[in-house]
Amino acid sequence: MRDIVPRVTTETAQKSASARLASLDIGRMAACWYVMLFHAAIDVHVQNVVLSYGFSGVQFFMMLSGYVLARPHLEAQPNRPFAMRRYVLGRVARILPPYYVVVLVAAAMAFLGHGSSVTPVPRAELPWHVFAHLAFIHTFFASTFHSIVSVLWSMGLECQYYVVLPALLVAFRARRPLLVMAVVIVITILTREALAAWLPDHGYLEQGFGLARLTEFGAGVALAALLGRGWSSKRVFGFAIVLGGLGFASAAWRGGVFDELRVQGVVLVAFAALRLFGPAVARGAGTRLLQLLGEASYSTYLVHTLAGKTMLAGLGHLPALATLGSGARVALYALAGQVVGLGFYFVVEKPTTHWAGRLVGRPTHT
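What you see is a predicted model, and the numbers here were worked out from it, not measured in a lab. (Residues numbered from 1 in each chain as written. Predicted model: local features only at pLDDT ≥ 70, side-chain atom pairs only at ≥ 80, totals over all residues. Heavy atoms only, no water.)

**Remarks on the overall build of the protein chain**
- Helix and strand counts for the protein chain stand at 15 helices and 0 strands.
- Relative to its length of 366 residues, the protein chain is compact, with a C-alpha radius of gyration of 21 Å against a globular reference of 21 Å.
- Residue burial in the protein chain is summarised as follows: out of 366 residues, 49% are buried.
- When contacts within the protein chain are restricted to residue pairs at least 6 apart in sequence, those whose partners lie at least 24 apart make up 76%.
- Element-wise, carbon and sulfur atoms account for 68% of the exposed surface of the protein chain, whose accessible area totals about 17,200 Å².
- Between the averaged position of the 30 positive side-chain charges in the protein chain and that of its 15 negative side-chain charges there is a distance of 11 Å. (Helix = DSSP H or I, 4+ residues; strand = E, 2+ residues; numbered from the N terminus. Rg over C-alpha atoms; globule rule 2.2 N^0.38 Å. Buried < 20%, exposed > 50% of the residue type's maximum accessible area, 1.4 Å probe, protein only. Contact = heavy atoms within 4.5 Å. Areas by Shrake-Rupley, 256 points an atom, 1.4 Å probe, with all protein chains shown as cover. Lys, Arg positive; Asp, Glu negative; His and termini not counted. Charge placed at Lys NZ, Arg CZ, Asp CG, Glu CD.)

Structure representation (structure tokens):
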């Protein structure tokens, strides 16, 4: 009897390209824990070389965001047509509800004087800080960059990447991916040079201005484009190694404002390895748990400093635990962030994004 081969429709191919990959969710979980340990070390006043690079977890998130958003439009065969309205409403429903909850709750805590868990803001200035965060413009001002909840600066950065994505999709479709990525690298380098030369007192913009670190987001989009053009896993991984090496070379050449590219290079190689050689589906109980924690990483990232700082403050009122060593405090800080983050995921993120997705009629899973 002749084998019956199921017909792969356009809709099936596009849904497959939108499905979650276990390897990337696990990587998301690991990146989130690295960030939590990084902030725990800062708040506990621990000096550790490994933990001092925990900020690279944010770079992983940005690279992942570029890849996941580009995947249906560049990697899927056939590509999903890009629809601006669908894209905007999908981002609004997915990102805004839990983010707004955290901003408003933290602002209320600051207003009531509970500043041990939030970044203190004078009451008279609080409306401006809240508005800047709700409008995602807080990364453009020194006073609001780390205010209310310090980790929220990255949400302003990610919003800038959302604005750039449509142009990147057009470019990667119309031109050779390697050429487009070269242009992205040039834009990043020129922007960082310009900021250092013209705004030397605005160093925070090197972290919070999207064009100054566009390579991290662009690299994720490039991976989707290369896979969509039929590049083998080995060839794509070779591209990641070469690009990562260029990041190291640029940092060795100029240092300073180029140091960010060195770390991005390492993150790119790790990200590519997870995408190309990691498990697509979580099969064991342990793997499924790690994937769940990865799915909850957005919530965990939003609330982990609030939870961790509250935990540290609580330890001071418990004589039996007040003598805990710094290592134990770092671990408890991260554990508190994970527990509260998982609770926030089920209680706030899932229901609010589901409600928002139904309201606008758009998927919110990416």
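Next, the rest of the story.
**Description of the environment of A336**
- Structurally, the position occupied by A336 is in helix 15 (residues 326–360).
- Here the alpha-carbon distance between A336 and L306, two residues 30 residues apart in the chain, equals 9.3 Å.
- With residues near it in sequence (within four places) discarded, A336 still touches A307 and M311.

**Comments concerning the packing of aromatic side chains**
- Under the criterion given, the structure shown has 16 aromatic pairs.
- Note on Y345 and F346: the rings are 5.1 Å apart at their centroids and 65 degrees apart in plane angle, and the pair reads as edge-to-face.
- Through a chain of ring-to-ring contacts, three or more aromatic side chains come together here, namely F38, Y53 and F55.
- A cation over an aromatic ring shows up here: R123 above the ring of F111, its NZ or CZ 4.4 Å from the ring centre.
- Geometry around W231 places R235 over its ring, the cationic atom sitting 3.8 Å from the centre. (Phe/Tyr/Trp six-rings, centres within 6.5 Å; stacked < 30°, edge-to-face > 60°. Lys NZ or Arg CZ within 6 Å of the ring centre and 35° of its normal.)

**Some thoughts on the nonpolar core**
- L152 and L302 are the most contacted members of the largest nonpolar core, which has 77 residues in total.
- Ignoring any residue separated from it by four or fewer positions in sequence, one finds L152 in contact with Y99, V102, V103, H133, H138 and L302.
- One finds V44, L312, L315 and Y333 within the second-largest nonpolar core, a separate group that totals 9 residues. (Core = buried A, V, L, I, M, F, W, Y, C linked by side-chain atoms within 4.5 Å.)

**Let's talk about the pattern of salt bridges**
- As enumerated under the stated definition, the model contains 9 salt bridges in all.
- A salt bridge links R71 to E75, with the shortest nitrogen-to-oxygen separation between them at 3.8 Å. Remark: E75 and R71 occur in helix 3 (residues 56–75); sequence separation between them is 4 residues, near one turn of the helix. Residues R71 and E75 agree in their burial class; the two are buried.
- Its salt-bridge partner being R275, residue E75 comes within 2.7 Å of it at the nearest N-O pair. Of this pair, E75 sits in helix 3 while R275 sits in helix 12 (residues 259–277); the two residues are 200 residues apart in sequence, bridging distant segments of the chain. Note on accessibility: E75 and R275 belong to one class, buried.
- By sharing partners, the salt bridges in this structure join R20, D25, R28 and E295 into a single network. (Salt bridge = Lys/Arg side-chain N within 4 Å of Asp/Glu carboxyl O.)

**Details of a nonpolar patch on the surface**
- Residues W128, F131, F140 and F141 make up a contiguous nonpolar surface patch of roughly 370 Å² in combined accessible area.
- Within the element layout of this structure, F141 appears in the loop between helix 5 (126–134) and helix 6 (142–145).
- Judged by relative accessible area, which is 33%, F141 ranks as partly exposed. (Patch = residues over 30% accessible without salt bridge, like charges linked within 9 Å, V, L, I, M, F, W, Y side chains within 5 Å.)

**Details of the packing of helix 4 (residues 84–111) against helix 14 (residues 297–315)**
- Taken N-terminus to C-terminus, the directions of helix 4 and helix 14 make an angle of 10 degrees; their axes are 10 Å apart at the nearest point. By the angle class used here, helix 4 and helix 14 are roughly parallel. For the pair helix 4 and helix 14, the sense of crossing is right-handed. From helix 4, R94, I95, P98, Y99 and V102 reach across to helix 14, where they touch Y298, L302, V303 and L306.
- Among the residues making up the contact of helix 4 with helix 14, the classes are represented as 8 nonpolar, no polar and 1 charged. (Axes fitted to C-alpha atoms, helices over the stretch in contact; angles between N-to-C directions. Parallel < 35°, antiparallel > 145°, perpendicular 65-115°, else oblique. Left-handed = near helix turned anticlockwise from the far one by under 90°. Nonpolar A, V, L, I, M, F, W, Y, C, P; charged D, E, K, R; others polar.)

**A word on the confidence of the model for the protein chain**
- Per-residue pLDDT for the protein chain has a mean of 89; in total, 92% of the residues score no lower than 70.
- Low pLDDT, under 50, characterises residues 1–14; the stretch is placed with 10 contacts to residues that sit more than four places away or in other chains. (pLDDT = per-residue confidence, 0-100.)

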